[in-house]
Amino acid sequence: MESGGLRRAYDGVFGEIDSATFGPAPEGQLGAEQIVAHLVANDELMIQATEALLAGSTFAYYDLDDMHRPQLDALVAEQGGLRGLTALLHGTSERLCALVDQLGLEAETPVETRLREGFDLNVDEPLPWSRTLDLHSRVHLPKHQAQLRLLRA
């Protein structure tokens, strides 16, 4: 498996972050800092699952539902805002992509996947890890890139 599509999806997100100043989020929605914190937290979870597969584990899980707004706000504060979060996202995304490049047949290992993002992305079943990575690059990252675009000031 290679990380080319994943890298391009991250490039789109970074292009959005780097080219804009952001206004406040509409009531009840995530702001730009929280979106980037969400992506960092997501990367960490995906890194853990990928490392487990590379270590030969026959069982891994990926549960994005465990990340809640207070945790995102704590990560925003810990990183000092958008600039620190963006630097952290550069690191986590690069690390994930490097691990994905190491996946061979392990990419087809079923991983217990739980992912809910609004109404358009709802997964709660074992999926080959390659499929979850594909959803991340083709659906999850572009969705958050679009959210960031809508928050431009």
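Not measured: the values here are computed from a predicted model.

Re the pattern of salt bridges
Applying the stated rule across the entire model yields seven salt bridges. A salt bridge links aspartate 101 to arginine 7, with the nearest nitrogen and oxygen atoms 3.3 Å apart. Pair noted here: aspartate 101 is in helix α4 (residues 82–102) and arginine 7 is in helix α1 (residues 4–18), with a separation of 94 residues, a long-range link. Residue aspartate 101 is classed as partly exposed on the basis of its relative accessible area, which comes to 38%. Classification of arginine 7 as partly exposed rests on a relative accessible area of 26%. For arginine 138, the salt bridge goes to aspartate 134, with nearest N and O atoms at 2.9 Å. Placement of the pair is arginine 138 and aspartate 134 together in helix α5 (residues 129–150), with a separation of four residues, close to one helical turn. Exposure remark for aspartate 134: the relative accessible area of 25% places this residue in the partly exposed category. One continuous salt-bridge network, built from bridges that share partners, spans Arg7, Glu94 and Asp101.

Thresholds applied
Residues numbered from 1 in each chain as written. Predicted model: local features only at pLDDT ≥ 70, side-chain atom pairs only at ≥ 80, totals over all residues. Heavy atoms only, no water. Salt bridge = Lys/Arg side-chain N within 4 Å of Asp/Glu carboxyl O. Helix = DSSP H or I, 4+ residues; strand = E, 2+ residues; numbered from the N terminus. Buried < 20%, exposed > 50% of the residue type's maximum accessible area, 1.4 Å probe, protein only.

Distances and angles like these do not, on their own, reveal function.
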